[in-house]
Amino acid sequence: SLISIRFNLSNEQLFDKIIESINIKEDINDSKDKKEKWERIYFFKSLLLESNDYKETLNQLYLDSNDNNSKGVNLLTIHKAKGLEFKAVFIVGCNEGILPMKNADIEEERRLMYVAITRTKDFLLISSSCLLNDSLTKKSLKNSLFICEIIHRIKRV
């Protein structure tokens, strides 16, 4: 699983592993506009690998979350994703104070995490940061208790 191998991969290798895991290669290669689609994938990959500032990287991308029928990237809040389903779902920012939010009702936050996890058809990636490094602050971050609960349940199975 990607949880167990993440720490042994570079960012580029992880990106390639994700592309492999969601079986997008077949879909792209079978499409009429495969050259354009591969160019988009490589462009997105290069943006992510060249940047240390993911906020700025995302600002460079055009993400249209209003068209849920498009075959592109949808950037949604968990609330906006309710009732929708996607081939691949990436849940980012699973750190204490973010998900669950600081001083929030833990059971409501747990329900939101459940909604986020159950939006996927085929592939789910949950990530957290180990360091907050912006212009004002540099501090260590802890994984969300939800990540710890998921890993604990996986180990019991």
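Up top is the structure these notes are about.
One structure accompanies this document, and this report is about it. Computed from a prediction, not measured in an experiment: that's the story for all the values here. (Residues numbered from 1 in each chain as written. Predicted model: local features only at pLDDT ≥ 70, side-chain atom pairs only at ≥ 80, totals over all residues. Heavy atoms only, no water.)

**Remarks on the overall build of the chain**
Summing up its helical and strand segments, the chain has eight helices and four strands in all. In sequence order, the secondary structure elements of the chain are arranged as α-α-α-α-α-α-β-α-β-β-β-α. Here the chain holds 157 residues, and the buried ones make up 25% of them. Expressed as a percentage of contacts within the chain between residues at least 6 apart in sequence, the contacts between residues at least 24 apart total 57%. Entry remark: accessible area of the chain is about 11,800 Å², with carbon and sulfur atoms responsible for 52%. (Helix = DSSP H or I, 4+ residues; strand = E, 2+ residues; numbered from the N terminus. Buried < 20%, exposed > 50% of the residue type's maximum accessible area, 1.4 Å probe, protein only. Contact = heavy atoms within 4.5 Å. Areas by Shrake-Rupley, 256 points an atom, 1.4 Å probe, with all protein chains shown as cover.)

**A closer look at the nonpolar core**
Core analysis: the biggest nonpolar cluster contains nine residues, these being Phe 86, Val 89, Ile 91, Cys 94, Leu 99, Met 113, Ala 116, Phe 146 and Ile 147. Broken down by secondary-structure element, the contributors of at least two residues to this core are β1 (86-91), α7 (106-117) and α8 (145-156). Top contributing element to this core by residue count: β1, with three residues. In this structure, Leu 99 is in contact with Ile 78, Ile 91, Gly 93, Cys 94, Glu 109, Met 113, Ser 144 and Phe 146, ignoring residues within four places of it in sequence. The next biggest cluster of nonpolar side chains, apart from the first, holds six residues, and it includes Phe 15, Ile 19, Ile 28 and Ile 41. (Core = buried A, V, L, I, M, F, W, Y, C linked by side-chain atoms within 4.5 Å.)

**Some words on helix α2 (residues 11-21)**
Residues separated by three or four positions in an α-helix point in the same direction, a consequence of the helix having 3.6 residues per turn. Of the residues making up α2, those classed as buried are Leu 14, Phe 15, Ile 18 and Ile 19. Looking down the long axis of α2, one finds its buried residues gathered within 140° of arc, a one-sided arrangement. Just downstream of α2 lies Asn 23, where phi reads positive at about 55°. (Arc of directions from axis to C-beta.)

**Considerations on helix α4 (residues 34-50)**
Over its 17 residues, α4 runs 24 Å from end to end, which matches the ideal 24 Å to within 8%, given 1.5 Å per residue. Considered for burial, the residues of α4 that qualify are Trp 38, Ile 41, Lys 45, Leu 47 and Leu 48. (Expected span 1.5 Å × (residues − 1).)

**Side note on the pairing of β1**
Where a strand is regular, its side chains alternate between the two sheet faces. Two elements, β1 and strand β2 (residues 120-126), share five bridges in a ladder whose sense is parallel. By the bridge assignment, Ala 88 is partnered in β2 with Phe 123. Taken together, β1, α7 and β2 form a β-α-β motif whose crossover is right-handed. (Pairing = 2+ DSSP bridges. Right-handed = clockwise from strand over helix to strand, strands pointing away.)

**Focus on the pattern of salt bridges**
Under the criterion given, the structure shown has five salt bridges. Among the salt bridges present, the one from Glu 107 reaches Arg 110, with a minimum N-O distance of 2.7 Å. Of the two residues, Glu 107 and Arg 110 both sit in helix α7, three residues apart, roughly one turn of that helix. Given the relative accessible area of 39%, Glu 107 is considered partly exposed. Salt-bridge contacts for Glu 108 lead to Arg 111; the nearest nitrogen and oxygen are separated by 3.2 Å. Residue Glu 108 and its partner Arg 111 are located together in helix α7, separated by three residues, close to a single helical turn. (Salt bridge = Lys/Arg side-chain N within 4 Å of Asp/Glu carboxyl O.)

**What about the packing of aromatic side chains?**
Applying the stated rule across the entire model yields two aromatic pairs. Judged by centre distance (5.7 Å) and plane angle (25°), the ring pair of Trp 38 and Tyr 42 falls under stacked. Taken together, the residues Trp 38 and Tyr 42, both in helix α4 and four residues apart, mark about one turn of the helix. Residue Trp 38 is classed as buried on the basis of its relative accessible area, which comes to 17%. A ring pair is formed by Phe 90 and Phe 123, whose centres lie 5.8 Å apart and whose planes are at 55°; its orientation type is tilted. Taken as a pair, Phe 90 in strand β1 and Phe 123 in strand β2 lie far apart in primary sequence, 33 residues in all. (Phe/Tyr/Trp six-rings, centres within 6.5 Å; stacked < 30°, edge-to-face > 60°.)

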